[in-house]
Amino acid sequence: MKTLTLLLFLFFTVPAFAQDVGPTGDAGSLDQGNLADAEMAVEAEEPTPEPPVEEPPKLTTTQRLNRIFALVPSLERVKAQESEGVVTLKGETPDLEGRTRAEDIAKKMDGVIFVDNQISQSVEIQERVAPAWDKTIEFVKSLQARLPILGIATLIFVGFWWLGKIAKKWLPLKRMENTPLTQEFMREALRWIITLLGLFIALEALGVTSLVTAIVGSAGIIGVGLGFAFQDIIENYLAGVLLGMRQPFAKNDLIRIEGFEGKVIRLTSRETVLMTLDGNHLSIPNSKIFKGVMYNFTRNPLRRFDFTLGVATDQSFVKVFEIGKQALESTPGVLTDPKTTVMIDKVGNYTLDVVFWGWVDQGKHDFFAVKSEAIRRTNRALMNAGIDLPEPMVRSTKPPVHVETEPEPEHADVDLTPDASIDKQIEAERKGENDKDLLSASEPEK
């Protein structure tokens, strides 16, 4: 019985003693404490070290350069050697550009002080021709791919070019009929504007906008350069345009410019061609005519001539005026309206100089012929009236010897019609030349 009681006691009491009792006597607290201890134990364990990563060995300058050269087709035969910051390049390249490129690459390396470039250019025909051939093949392939758009761009340009020609031909410029040079200038300007517009549109269609910008910029620079290089030509051309607009003279007009005198043959874009009264050609730049002083003796048909006769100081000048004026007015071709004039101009050494003025209608009479006849008649009338016309000289004479001479007639048959010989030569000259005459066919406005 005692043994049985002892066994039951041990059965019920031993499990209670087997439990750890915490400071509070709580079984749950005992489990948490065991968990924390386990975590601390895990954290206290040292992590397993990772195996070290092996770094690639550092390349030298020589190795880096040789690897780079090996990757570039044009530099694959170039070798580099570096020592104390000095790089020596040896080998061959197909062209000089590759030689320069290899030197530039070597200079960019760290620690390089100097580059000794001993690279030579290859002389093998295949290596020299192969790059150019490859580029040609690439260009042909790209051209084939762009043929459609190239055809469209060509059609655009050709269309605008034809449009410019049509516009030049049919541009209405009726108000400028009397200025053919201005008409030509306006038509050419319009044609070029339309053509250049077509060129820009065609280039835009090809996608070469940068080329359009370059062309515009280059045109400005080239224009300035050409302006200085061809300053005289441009000046003469612009002067020709303005002369064509103003029409200061017409065909066959007799003009004088800075001592040059002649009849107008034609006005070109660069010069004005005259024929002098002795039949010679005279070419004067348009700029000189535009800026110079010009006499036009034909624009006004009335022209005045004058001549001087020396009369002795002891003569009756009232009588001189009356006789001279009467002889002048009786000369064929001399107009009475405007009236003739006789005046004393100045005192000479032995005489008083008397000036005679008369007017001629150049459309009906020849100016020089009328002047010549007027001088002859006036001089003869004064001499017949006993007016002394001394010569400005000293001379010794012998006793007069009577010689019968035929008296000069008071009036003589003189051809005073306008001389048309120069005009005939000018017409023949116009027919034989191909230069375009920029003068109006009609008479200029008065």
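Basis of the calculations
- Residues numbered from 1 in each chain as written.
- Predicted model: local features only at pLDDT ≥ 70, side-chain atom pairs only at ≥ 80, totals over all residues.
- Heavy atoms only, no water.
- Buried < 20%, exposed > 50% of the residue type's maximum accessible area, 1.4 Å probe, protein only.
- Helix = DSSP H or I, 4+ residues; strand = E, 2+ residues; numbered from the N terminus.
- Pairing = 2+ DSSP bridges.
- Right-handed = clockwise from strand over helix to strand, strands pointing away.
- Axes fitted to C-alpha atoms, helices over the stretch in contact; angles between N-to-C directions.
- Contact = heavy atoms within 4.5 Å.
- Patch = residues over 30% accessible without salt bridge, like charges linked within 9 Å, V, L, I, M, F, W, Y side chains within 5 Å.
- Areas by Shrake-Rupley, 256 points an atom, 1.4 Å probe, with all protein chains shown as cover.
- Salt bridge = Lys/Arg side-chain N within 4 Å of Asp/Glu carboxyl O.
- 1 Å grid on protein atoms, 1.4 Å probe; cavity = no way out; pocket = protein on both sides within 12 Å on 5 of 7 lines; lining within 4 Å.
- Points joined across faces, edges and corners; volume = space filled by probe spheres on them.
- Phe/Tyr/Trp six-rings, centres within 6.5 Å; stacked < 30°, edge-to-face > 60°.

Participant: How do you make sense of the pairing of strand 3 (residues 114–117) when you look at a structure like this?
Facilitator: Remark: a regular strand shows side chains that alternate across the two faces of the sheet. In strand 3, alternate side chains face the same way, and those of Val115 and Asn117 are buried while those of Phe114 and Asp116 on the opposite face are not. Bridge count for strand 2 (residues 86–93) against strand 3 is four bridges, and the pairing is parallel. By the bridge assignment, Thr88 is partnered in strand 3 with Asp116. In this fold, the crossover linking strand 2 to strand 3 by way of helix 4 (residues 96–107) has right-handed handedness.

Participant: What exactly am I supposed to notice about the sheet that holds strand 12 (residues 351–361) here?
Facilitator: Strand-to-strand pairing in sheets goes through backbone hydrogen bonds, with the strands running parallel or antiparallel. Strand order in the open sheet made by the three strands is 10-12-11, with antiparallel pairing throughout. Lying at the two open borders of the sheet, with one neighbouring strand each, are strand 10 (302–312) and strand 11 (341–347). Neighbour to neighbour, the strand axes of the sheet diverge by 25° on average, direction disregarded. The sheet contact formed by strand 11 and strand 12 spans six bridges and is antiparallel. If you follow Thr341 over to strand 12, its bridge partner there is Trp357. Strand contacts of helix 11 (residues 317–329): strand 10, strand 11 and strand 12, with the helix running at about 25° to strand 12, the strand carrying the most contacts.

Participant: Teacher, can you tell me more about a nonpolar patch on the surface here?
Facilitator: A contiguous nonpolar surface patch, about 350 Å² in accessible area, is contributed by Phe139, Val140, Leu143 and Leu147. If one sorts the elements of the nonpolar patch by residue count, helix 5 (residues 125–145) sits on top with three residues. On the secondary structure map, Val140 appears in helix 5.

Participant: Looking at this structure, I do not really get the layout of surface pockets. What am I missing?
Facilitator: In this approach, a probe sized like a water molecule rolls over the atoms, and the result shows the empty space that is left. If you add up the space inside the largest pocket, you get close to 490 Å³. Lining the largest pocket are 19 residues; nearest its centre among them are Lys263, Gln362, Asp366, Pro418 and Asp419. At the level of secondary structure, the elements contributing two or more residues to the lining of the largest pocket comprise helix 12 (367–384) and helix 13 (421–432).

Participant: Got a minute to help me understand the packing of aromatic side chains in this structure?
Facilitator: When we look at a pair of aromatic rings, we describe it by the centre distance and by the angle of the planes. Across all of its chains, the model carries six aromatic pairs by this definition. When the ring of Trp161 is compared with that of Trp162, the centres are 5.2 Å apart and the planes differ by 70°; the resulting orientation is edge-to-face. Assessed through its relative accessible area of 33%, Trp161 is described here as partly exposed. For Trp162, a relative accessible area of 46% puts it in the partly exposed group.

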